[in-house]
Every structure is written in C-alpha cells, then in structure tokens.
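# A look at the structure
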Amino acid sequence: MFVPSITNPVGDFVREMVPRLAEYLPASIQSDTLNSIVAFLVNALICVIAVCAVNIGSAPILIYMERKVCAHVQCRLGPMRLGWHGTIQTIADVLKMLFKEVYAPSGADKLMFYLAPLIVLIAPFIVCALIPFGRDLVVADVSMGIPLIIAVNGFGVLGILLGGWSSNNKYSLLGALRSGAQMISYEISFTMILLFVVMISGSTNLMSITLGQEGTISDWWIFKIPVLGIIAFILFFISSTAEMNRAPFDIAEAEQELTGGYHTEYNGTPFAMFYLAEYIALVTNSALATTCFLGGFLPPCIGVAFVDNYLNMVPGVVWFFAKVFFMIWCYMMVRWTFVRPRVDQLMDFEWKFLLPVNLVLLIAGAAYIVVCG
Amino acid sequence: MSEYIILSIFLFLGAFIAAAATVVGLLLGYRTKNTKNKMAPYECGMETIGNARIQFKVGYYLFALLFLVFDIEALFLFPVMMNFREIMAGHTALSPVIVIADLAIFMAILVSGLAYAWKKGILKWE
C-alpha cells in the first residue's frame, strides 16, 4: 500500500492532525492506511480549493485590469461608476452573465455544443496544478512537468474546434478552423522554446527549473545564457500570445471579419466559460514564463548583501505573483498597441520565420553548452 | 504516483466547473419563447443559406500534418536535451561525439523536410 503524500507545509500539517483526530473514532476502525487516505483526500481538497480560488478569482481582476489598461492606452477612463473606480464592475457583469438565457441555435449539435466549454477549461486547471508558486507550494511536483504541459495544452484546440463546428454557423466554423491552424502552428515554436529551457536547465521538473536559477538576477535563465536567453524569452512571448489567441494574433475572432469567431453562437454561462478559459490561460502562460525565464518565486537579488536580505524577507508567493502580473501587464500592453496581421502573414511568420529561428536557437544553445559547459 | 492521482482529480475539475456553470445558467437564465428568428444562426441578418458543415480547403489539413511531424520530433528530443549537459560533460556511458552526430542527422532530416514543404508551396497560405 503506497502512502500518498503532498509536499508542502499544509500537507504536513494535515498529516499530523488526522491521526490525532482519528483517536476519537472507535478503536475497531482505526488504521494507519485509513489515516493516510483521509489525509490525502483532505490535502487534495485543499489543493482543489486553492487552485479554484486562484483561477476563478483572478479572472474578474484580470478583466478589470484589461479594461483599465485598454482605457488608459486609448486616453479613456474605463469603468468608473460601480464602486471606487469601477472596481465591482466585473462582479456585476458576472451576475448579469448568470441570468442570461442559455440555448443552442437551430441545427447545432447540442451535445458537442455544451461539451466544448467543458473541454476548454480542462487544460488551464492542470497547468495551474503543475506550477510551483513557492518553495513548498506546488500541487503536483511531477518529474515530467514540461512534456505534460505541452500535452495538456492540446485540449484547448479541441474545445475551440468542437465549439466552432457544432454551432452551425459559418463564422464559427471559419473562426474555429483559423484558430486551430494558428494554435497548432504556434504550439511548435512554444514546444521548441520549452525544449531550449529544458536543455539549459537539464530538467523537465518545474521545481528544479526554478531552483536552478537561484542566486542573483543574472542567474535567471533569461540572463544566464547571454543573448540567447533574451531571444528565447521574446520568442516565447510571441508564441504564447498566439497560443492564447490574444490580440495582435486574434484572427480567430477578429470582430470586423468573423463577429465573435468560434464563440459567436454562445451566450450566458457557456460563453463565460470560454472567456474564463482565455483569462486563466493568460495567468498560466505568464506563470510558465515566470518559472522558465524569470526565476519563478525567487527574489530578484542583485548581489549586494544589504539589499538582498530585505528582498529575501518577502515570501516567494509574493514575488511569484508580482512577476506574473508584470508579465500579464506586458501581454495587455502588446494587445492594445499592436495591429492585427492577416491570416497568411501570421502563418508565414510562424513557418518561415519563427520555426527556422527556433531551430537555430536550439543549435546555438547546444553549441553554447558544448563550448562553455 | 500520488501526484498523478491529484492531477487526475484536476483533469475533471475544470470540466466539472464548466458543467456546473452551464447548469446554473440553464436554471437561472431568463427564458423566452423559441421563435424561428431567435434560433437562427447569427450571420448577416439575411436568412442563412444551407448548412454550415461545408467542404473546406485542404490547407488546414496539411498544416496539421506538418504540426504532427514537428511536435513528435520535439517530444523525441526531450530525453536527449534533458541529459545534454551531462552527456557533454562525459558523465554518462554515451560518447559526446556520437550523440552530437546523431542529433545532427536527426535535425538535418527535419530541416530538409521543412525545406521540401516550403519548396512545394505547402507553407503558402492562399
């Protein structure tokens, strides 16, 4: 009988508490196996609640942030009426969304139509479970972290294709096919960059990738390998933007051409699920960029003991979310400042520019390791 | 092992949340009569002509095939890349020169494949 374990302080606390509480049970049903299973279930429940809180809680915050960033880029004020500077505007929007009618248009494949939002939401939750948020804060510290993330990311494409195909709308179908083609194309360069990270860090486990960057800022993977790290980071940024179907690569739902793209026919809560998945993907991609390039939960030490002592006093989770929000802010600024390319330009950019550059980057990285060790 | 059990819980978590939200929407949602105009697909305001499941161009299919090749290639490279530093430092039984030669052959086949597709005009979007 294996003993389930979750390695974080909360998990240890639960494991310690369960046998103490079990003493109140009748002696006939007390056993170590039962204790470990109960502790495991309680730990799993805590993890589920924590990840749900991070994921679902971050979406309203991000939508509010996006509206404000967008408004200020365009010299507007954004939402101002509900609450202080419009802070509870998104909560009102969520409430409104709940009371909208949910129906499938005539001719839609009903089963697939309602299945699509379910599939879209699977991937971001699993990725979120793999990311180390702090030195001891990771839900599942698996050794095959990065290949798993790549595998799971494929679910998003499936959901989008299903949603677009099933709604019996030509705009939806076009949007779904476009975004399918776009997402699988950019997934290649996404995978290649992660391959580069795996090569220089020598591990596929996200925790050891993070811990490999311990030290000062110059030990982060983005700066540790001169020039190549920064190029890899920029390529990651571009391909993850396209992966998420975010502007400027949002040809899948380009309003002027395809109204809403794959979710044209969706309304009410199923539509909200597509929206939620998009914003959780923003968080998970930023978290991945933070983990792989920006030192994860490690503080940005500069090598001066006096300053570093203060930086080390701040808990890792705070640093992690500070970096994640910085990345999200970058994604938003890019979204609201760049114009959208055409479909053929987008595909050309991936297959004729990003992919060759990625291959060269891999070879250069290998050469760097061979020469400099 | 226990990590993967947790992950299998998470596999259903997202789907469960979406399903719960859909049910809540169906229960709480405002309802109107299903008229023909309401149920019609949202296109141009004109009456929709035909079904949306039409024949579609093969270009997407070719990109999917290319994707398959490169994605699987990347997955094959993962085990080598993971131990690349170790191999180069000579900590393993493998000889660094042979590993590099193998990698070079592997990459050369791939790159020639990409060049072939490029020359054939598959990468050109029409």
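Residues numbered from 1 in each chain as written. Chains lettered and ligands numbered in written order. Predicted model: local features only at pLDDT ≥ 70, side-chain atom pairs only at ≥ 80, totals over all residues. Heavy atoms only, no water.

### A look at the domain arrangement of chain A
All names here are of chain A. Once the domains are mapped, chain A shows domain 1 (1-70) and domain 2 (100-372). The C-alpha-based centres of domain 1 and domain 2 are spaced at 27 Å. With 19 residues of domain 1 in contact, the opposing surface of domain 2 contributes 21 residues. For the pair domain 1 and domain 2, the summed buried surface comes to about 1,800 Å²; carbon and sulfur atoms form 78% of the total. For domain 1, the biggest contributors to the area lost against domain 2 are N55, L62 and E66; these three give 32% of the whole. Remark: the boundary between domain 1 and domain 2 carries 1 salt bridge. Between the two partners, domain 1 and domain 2, sit 2 residue pairs in polar contact (both at pLDDT 80 or more). (Domains from an automatic or database assignment. Contact = heavy atoms within 4.5 Å. Buried area = accessible area lost by both parts, 1.4 Å probe. Salt bridge = Lys/Arg side-chain N within 4 Å of Asp/Glu carboxyl O. Polar contact = N/O pair within 3.5 Å; in protein donor to acceptor, adjacent residues only side chain to side chain.)

### With respect to the packing of aromatic side chains
Residues and elements named next belong to chain A. On inspection of all chains with the given rule, the structure shows 18 aromatic pairs over all chains. Arranged with centres 4.2 Å apart and planes meeting at 0°, the rings of F113 and Y266 form a pair that is stacked. Of this pair, F113 sits in helix α4 (residues 110-130) while Y266 sits in the loop between α10 (255-258) and α11 (268-292); the two residues are 153 residues apart in sequence, bridging distant segments of the chain. F113 sits in the buried class, given a relative accessible area of 1%. Taking relative accessible area as the criterion, Y266 reaches 5% and is therefore assigned buried. Aromatic pair F306 and Y310: ring centres 5.6 Å apart, planes at 75°, arrangement edge-to-face. Highlighted residues: F306 and Y310, both in helix α12 (residues 305-313), separated by 4 residues, approximately one helical turn. Residues F306 and Y310 agree in their burial class; the two are exposed. (Phe/Tyr/Trp six-rings, centres within 6.5 Å; stacked < 30°, edge-to-face > 60°. Helix = DSSP H or I, 4+ residues; strand = E, 2+ residues; numbered from the N terminus. Buried < 20%, exposed > 50% of the residue type's maximum accessible area, 1.4 Å probe, protein only.)

### Regarding helix α2 (residues 32-73) of chain A
Because the α-helix completes a turn every 3.6 residues, residues three or four places apart line up on one side. Residues and elements named next belong to chain A. Between its first and last C-alpha atoms α2 spans 60 Å; for 42 residues at 1.5 Å apiece the expected length is 62 Å, and the two agree. By the largest-angle criterion, A59 marks the main kink of α2, which is about 30°, and a proline, P60, follows within four residues. Of the residues trailing α2, C75 is marked for its positive phi of about 55°. (Expected span 1.5 Å × (residues − 1). Bend = angle between axes of the 7 residues up to and from the residue.)

### Considerations on unusual backbone geometry
Residues and elements named next belong to chain A. Residues other than glycine seldom take positive phi values, yet N168 does so here, at roughly 55°. Relative to the assigned elements, N168 resides in the loop between α5 (145-166) and α6 (170-201). Of the residues examined, N168 reaches a relative accessible area of 11% and is grouped as buried. Of note, V227 is a non-glycine position whose phi angle comes to about 65°, a positive value. Here V227 shows up in the loop between α8 (221-224) and α9 (228-243).

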